[in-house]
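Below, each chain spelled out in residue letters.
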Amino acid sequence: MKKYFYSLLLSLATLTSSVAQNSSPYKTSFKVDGPITAVGVGLSGLGLYLMQEKTPFTDAEANNLDKRDVNGFDRFAAGNASLSSKKVSDVMLYSSIAAPALLLFDSKIKGNAGQMFALYIETMSVTGALFTLSSAAFPRARPLTYSKDRNLVPLGEITRANAQNSFFAGHTAAVSTMTFFTAKVFHDYNPDSPARHFVWAGAAVVPAAVGYLRLDAGKHFLSDNIVGYTVGAAVGILVPQLHKKGMDSGISLKPAVIQVQGQPVDGVSLSYKF
């Protein structure tokens, strides 16, 4: 996940102010969307730092982890540790980053490539902030920490701060955001296309496959993947929807200062007007 967020930071540098096109179904503004993206990237960076600052297990704590302490819904995954599944899930994550580029084969979307790219970066920054801050705030031991096979899962792997980043599934959330964003944009540009059903089906299947691989790899429990999938899909659909032209949804997304433990922190406000 670190490489994904570093790529996001680099991509932000390409954000331009001329992102609105008359032929686009979306309305964007650099004055609004630029700060939201910047705040999202900043919060993602803060969340990553806090994730790395978690207090790791001691050797004794690591050796005493017992899968019976895991809730009944997730217990079946405790001890999973497939290295091959981890590698494949990593490949799928980094390959999915380019999924929206497939939209450029559509001439209408290609004409608004700058706007689509800016909207994509904003969408990913929102998911990044939600994932990293949630993981930092809610430490949870990964399933692989419950493995007693030290050839498969060395003690040093369990006593890293990263071993407590199970909630929620970042790979699944990121891929879900990418694929559902792609499907949403294609649908909004081509509402009558017979291909849209297949695009939505692909958007749903790919992150589900990543979730299974992360489960088998012992990186996340089933509940972690369900939350990651849901958050990713919601953000991937909701952010473009909030930017649609001619639609007063009553929903607004804008920069805001929020209070965290009594201290003001730059954040994002999501509100709904009845």
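What you see as residue numbers is a count from 1 along each chain, following the sequence as written. The model is predicted, so local features are restricted to residues of pLDDT at least 70 and side-chain atom pairs to those at 80 or more, both for listing and for counting; the totals for chains, interfaces and linings are taken over all residues. Excluded from the side-chain calculations are hydrogens and water; all other atoms, namely the structure's heavy atoms, are used.

Participant: Kindly report on the overall build of the protein, identifying the contributing residues and their values.
Facilitator: Secondary structure elements are taken from DSSP: a helix is a run of H or I of four residues or more, a strand is a run of E of two residues or more, and numbering for both begins at the N terminus. Looking only at helices and strands, the protein features 10 helices and 2 strands. Each helix and strand of the protein, ordered N terminal to C terminal, gives the series α-α-α-α-α-α-α-α-α-α-β-β. Buried residues in the protein amount to 47% of all 274 residues. Put simply, 79% of the contacts in the protein that link residues at least 6 apart link residues at least 24 apart. Per-residue accessibility takes into account occlusion by the displayed protein chains alone, with areas from the Shrake-Rupley method and a 1.4 Å probe. Summed over all atoms, the accessible surface of the protein reaches about 13400 Å², with 62% contributed by carbon and sulfur. Relative accessibility thresholds used throughout: buried, under 20% of the residue-type maximum; exposed, over 50%; partly exposed, between the two (1.4 Å probe, protein chains only). The contact definition used throughout considers only heavy atoms, calling two residues in contact when any of these lie within 4.5 Å.

Participant: Go over the packing of helix α8 (residues 170-189) against helix α9 (residues 196-216) with me, naming the residues and quoting the values.
Facilitator: Closest axis-to-axis distance for the α8/α9 pair is 9 Å, and the angle between their directions is 180 degrees. By the angle between their axes, α8 is roughly antiparallel relative to α9. Note on element contacts: α9 touches α8 through Arg-196, Val-199, Trp-200, Ala-203, Ala-204, Val-206, Pro-207, Val-210, Gly-211 and Arg-214, opposite His-171, Thr-172, Val-175, Ser-176, Thr-179, Phe-180, Ala-183, Lys-184, Phe-186 and His-187. To obtain an axis, a line is fitted to C-alpha atoms, over the contacting stretch when the element is a helix, and the angle between two such axes runs from 0 to 180 degrees between their N-to-C directions. Here is the rule for angles: anything less than 35 degrees is roughly parallel, anything more than 145 is roughly antiparallel, 65 through 115 is roughly perpendicular, and the remaining ranges are oblique.

Participant: Describe α8, and please don't skip the residues or the numbers.
Facilitator: Each helix should span, by expectation, one fewer than its residue count multiplied by 1.5 Å. In a regular helix each residue adds 1.5 Å, so 20 residues correspond to 28 Å; α8 covers 29 Å between its end C-alpha atoms and thus fits that length. In terms of burial, α8 is largely enclosed, as 19 of its 20 residues are buried.

Participant: Run through the side chain of Thr-177, naming residues and quoting values.
Facilitator: Following the sequence through the fold, Thr-177 ends up in helix α8. Whenever a nitrogen or oxygen atom comes within 3.5 Å of another N or O atom, the pair is scored as a polar contact, on the condition that within protein one atom can donate a hydrogen and the other can accept it, and that pairs from neighbouring residues in sequence are kept only if both atoms are in side chains. A polar atom in the side chain of Thr-177 sits 2.8 Å from the side chain of Thr-127. Excluding residues that lie within four positions of it along the chain, Thr-177 makes contacts with Thr-123, Met-124, Thr-127, Gly-232, Ala-233, Val-235 and Gly-236.

Participant: Quick one: what's the story with the environment of Ala-161, residue by residue and with numbers?
Facilitator: Here Ala-161 lies in the loop between α7 (155-158) and α8. We classify Ala-161 as buried; its relative accessible area is 14%. For Ala-161 and Met-51, which are 110 residues apart along the polypeptide, the C-alpha to C-alpha distance reads 7.4 Å. Those residues in contact with Ala-161 that lie beyond four places of it in its chain are Met-51, Gln-52, Lys-54 and Pro-56.

Participant: Before we move on, can you summarise the packing of aromatic side chains with the specific residues and values?
Facilitator: Here is the rule: rings of Phe, Tyr and Trp (six-membered ring for Trp) pair when centre to centre is within 6.5 Å. Planes less than 30 degrees apart are stacked, more than 60 are edge-to-face, and the remainder are tilted. Taken as a whole and judged by the stated rule, the model has 8 aromatic pairs. Relative to Phe-168, the ring of Phe-131 has its centre 5.8 Å away and its plane inclined at 65 degrees; by these criteria the two rings are edge-to-face. Of the two residues, Phe-131 is situated in helix α6 (residues 113-137) and Phe-168 in the loop between α7 and α8; the sequence distance between them amounts to 37 residues. The residues Phe-131 and Phe-168 share a single accessibility class, namely buried. Ring centres of Phe-167 and Phe-168 lie 5.7 Å apart, and the angle between their planes is 85 degrees; on these two criteria the pair is classed as edge-to-face. Judged by relative accessible area, Phe-168 falls into the buried class, the value being 3%.

Participant: Just give me the short version of the environment of Ile-226, but keep the residues and values in it.
Facilitator: Here Ile-226 shows up in helix α10 (residues 222-242). Spatially, the C-alpha atoms of Ile-226 and Ala-173 are 9.1 Å apart, while their sequence positions differ by 53 residues.

Participant: How would you explain the packing of α9 against α10 if you had to name every residue and give the values?
Facilitator: Axis separation between α9 and α10 bottoms out at 10 Å; the angle between their running directions is 150 degrees. Comparing their axes, α10 and α9 come out roughly antiparallel. You can see that α9 and α10 cross each other, and the crossing is right-handed. Where α9 approaches α10, its residues Trp-200, Ala-204, Pro-207, Ala-208, Gly-211, Arg-214 and Leu-215 are matched on the opposing element by Leu-222, Asn-225, Tyr-229 and Ile-237. Side-chain classes follow a simple rule in which Ala, Val, Leu, Ile, Met, Phe, Trp, Tyr, Cys and Pro form the nonpolar group, Asp, Glu, Lys and Arg form the charged group, and the remainder, Gly included, forms the polar group. Residues of the contact of α9 with α10, tallied by class, amount to 8 nonpolar, 2 polar and 1 charged. Crossing handedness is read from the near helix: turned anticlockwise from the far helix by less than a right angle, it gives a left-handed crossing, and turned clockwise, a right-handed one.

Participant: Residue-level account of the nonpolar core, with values.
Facilitator: Among buried residues, those of type Ala, Val, Leu, Ile, Met, Phe, Trp, Tyr and Cys that are joined through side-chain atoms within 4.5 Å constitute a nonpolar core. Leu-103, Ile-109, Met-116, Tyr-120, Met-178, Phe-181 and Val-185 are the most contacted members of the largest nonpolar core, which has 27 residues in total. Counting only elements with at least two residues in this core, the list comes to α2 (30-52), α6, α8 and α10. Setting aside residues up to four positions removed in sequence, Met-116 forms contacts with Pro-100, Leu-103, Leu-104, Ile-109, Phe-181 and Val-185. In terms of nonpolar packing, the next biggest core, distinct from the first, is built from 14 residues, Phe-57, Ala-62, Ala-77 and Leu-215 among them.

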